[in-house]
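Structural overview
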Amino acid sequence: ASIDYTARPLYSSGVVYVPLSGGMVEAVDYGSFAKLWTSAGTAKGDQSSCSLRVVDLGRTKAVVFGTAAYDSSYSIASGSLVALDAATGSTLRFKTSSTSGWYWTSVLRVGDYLLAGDAAGTLCAFDLGGNEVSSLALGSAVKSDPVAYDGGALVVTYDGVLHRLSLSSAGTLSDVTLKVLDKCVAAPTVVGTTAVVVGGTGKEGTVTTLALVDLASMRVSRTVTTVGDSALPTGGICSPALVSTQAGGSYSYFTVNFGSDPNKTWTGYGSGGNLYVYRLGDLVASLLYAPSA
């Protein structure tokens, strides 16, 4: 079947899982590239733009993901949260929403619970049987993957707020928040007790910004918007930063969602797309690689 404009395949234990339009998933053997199974869909029009996760549910390993569907005004109006048997593709759990959906995000297992945030900004904790245990209103859409940290999780919402989430033994959610950016669709990257949070600031979040957050104090320790003596291209960072710890320090690699004229023609994205590097602690980033036109 077709795929949506964003598709994030997942590799796990010799199998590649590919999200398809309509809320389907196809499993492919990595060695032979033979199709193993294709799951049933969720609903016509559902976009599978979320990250897939293989989660151990105790007796069964499951592929868990969310979908979203739009209404006529291009607002997310519905969606499904699905768990499939990773071996067979059969449906284990199925939750639908008639008011919101799951978009550009993933589930995360923390202890005996699964966390999932939706486009309405509600984060829910489910037990491994699929029952909702608690929920927390985050105030803005969740469009990035949650990241495990210190027995809980880190989530950055669309409005650029970092939520440091705690989860009690009974599954009750609570959070400490910090306004870091004005727009974020990328998961934070953690190195030690520092979170690298990327996205944009300013009007519509177009000022490309990388921020370092001290997770112990929940304070922004550094904000980076320049490369050398110039501002980074406008557009924001839309993918998580890759952080590599080396002998000379920790280096963060990122790209910018930049096009010369993206609003008039999609071919504008044929320009830009440079690769940048930032050493944690420095004042500015550096250009690492600029592709040809």
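Refer to the structure presented above.
Residues numbered from 1 in each chain as written. Predicted model: local features only at pLDDT ≥ 70, side-chain atom pairs only at ≥ 80, totals over all residues. Heavy atoms only, no water.

All right, on to the overall build of the chain then. Along the chain, the regular secondary structure elements total zero helices and 27 strands. Its C-alpha atoms give the chain a radius of gyration of 19 Å, near enough to 19 Å, the size a compact globule of 293 residues would have. For the C-alpha atoms alone, the extent of the chain along its principal axes is close to 55 × 45 × 45 Å. Looking at the chain alone, contacts between residues at least 24 apart form 41% of all its contacts between residues at least 6 apart. (Helix = DSSP H or I, 4+ residues; strand = E, 2+ residues; numbered from the N terminus. Rg over C-alpha atoms; globule rule 2.2 N^0.38 Å. Contact = heavy atoms within 4.5 Å.)

The next point concerns the sheet that holds strand β25 (residues 249-255). Strand order in this open sheet of four strands is β24-β25-β26-β27, and the pairing throughout is antiparallel. The open sheet has two edge strands, β24 (242-246) and β27 (286-289), and neither has a second partner. On average, each strand axis in the sheet is tilted by 30 degrees relative to the strand beside it, whichever way the strands run. Pairing of β25 with strand β26 (residues 275-279) involves five bridges; the strand directions are antiparallel. Bridge pairing in β26 places threonine 255 opposite leucine 275. (Pairing = 2+ DSSP bridges. Axes fitted to C-alpha atoms, helices over the stretch in contact; angles between N-to-C directions.)

Another point: the sheet that holds strand β17 (residues 173-179). The strand order across the open sheet formed by four strands is β14-β15-β16-β17, and the pairing between neighbours is antiparallel. What marks the edges here is a single partner per strand, and that holds for β14 (147-149) and β17. Adjacent strand axes in the sheet meet at a mean angle of 30 degrees when their direction is disregarded. Pairing of strand β16 (residues 161-167) with β17, which is carried by seven bridges, proceeds in the antiparallel orientation. Within the sheet, the bridge partner assigned to leucine 165 lies in β17 and is aspartate 175.

Let's shift gears to the packing of aromatic side chains. Tallied over the full model, the rule gives six aromatic pairs. Ring centres of tyrosine 70 and tyrosine 103 lie 6.0 Å apart, and the angle between their planes is 90 degrees; this geometry places the pair in the edge-to-face category. A residue pair is termed long-range when its members are at least 10 positions apart, and tyrosine 70 in strand β7 (residues 69-70) and tyrosine 103 in the loop between β9 (91-97) and β10 (108-110) qualify at 33 residues. With a relative accessible area of 24%, tyrosine 70 lands in the partly exposed category. You can call tyrosine 103 buried: its relative accessible area is 4%. Their ring planes at 20 degrees and their centres at 5.6 Å tell us that phenylalanine 254 and tyrosine 276 sit as a pair that is stacked. On the criterion of sequence distance, the pair formed by phenylalanine 254 in strand β25 and tyrosine 276 in strand β26 is long-range, its members being 22 residues apart. On the basis of relative accessibility, which here comes to 3%, the residue tyrosine 276 falls in the buried class. What links up through ring pairs into an aromatic cluster is the set Tyr70, Tyr74, Tyr103 and Trp104. Note that lysine 143 overlies the ring of tyrosine 158, its terminal NZ or CZ placed 4.6 Å from the centroid. (Phe/Tyr/Trp six-rings, centres within 6.5 Å; stacked < 30°, edge-to-face > 60°. Buried < 20%, exposed > 50% of the residue type's maximum accessible area, 1.4 Å probe, protein only. Lys NZ or Arg CZ within 6 Å of the ring centre and 35° of its normal.)

As for its placement among the helices and strands, asparagine 274 is situated in the loop between β25 and β26. In terms of polar contacts, asparagine 274 uses its side chain to reach the side chain of tyrosine 276, at 3.1 Å. Setting aside its immediate chain neighbours within four residues, asparagine 274 contacts Phe254, Thr255, Val256, Leu287, Tyr289, Ala290 and Pro291. (Polar contact = N/O pair within 3.5 Å; in protein donor to acceptor, adjacent residues only side chain to side chain.)

Mapped onto the elements of the fold, threonine 6 is located in the segment before β1 (10-12). In this structure the C-alpha to C-alpha distance between threonine 6 and threonine 96, which are 90 residues apart in sequence, comes to 21 Å.

Taken together, the three bridges between β26 and β27 define a ladder with antiparallel strand orientation. Bridge assignment links valine 277 to a residue of β27, and that residue is serine 286. A loop of six residues connects β26 with β27, the two strands running antiparallel in sequence, and glycine 281 in this loop sits at a positive phi of about 110 degrees.

Following the criterion strictly, the structure yields five salt bridges and no others. For the salt bridge of lysine 179 with aspartate 182, the shortest nitrogen-to-oxygen distance reads 3.8 Å. By relative accessible area, which is 38% here, aspartate 182 ends up partly exposed. A salt bridge links aspartate 282 to arginine 279, with the nearest nitrogen and oxygen atoms 3.3 Å apart. Using a relative accessible area of 26% as the deciding quantity, one classes aspartate 282 as partly exposed. Classification of arginine 279 as partly exposed rests on a relative accessible area of 35%. (Salt bridge = Lys/Arg side-chain N within 4 Å of Asp/Glu carboxyl O.)

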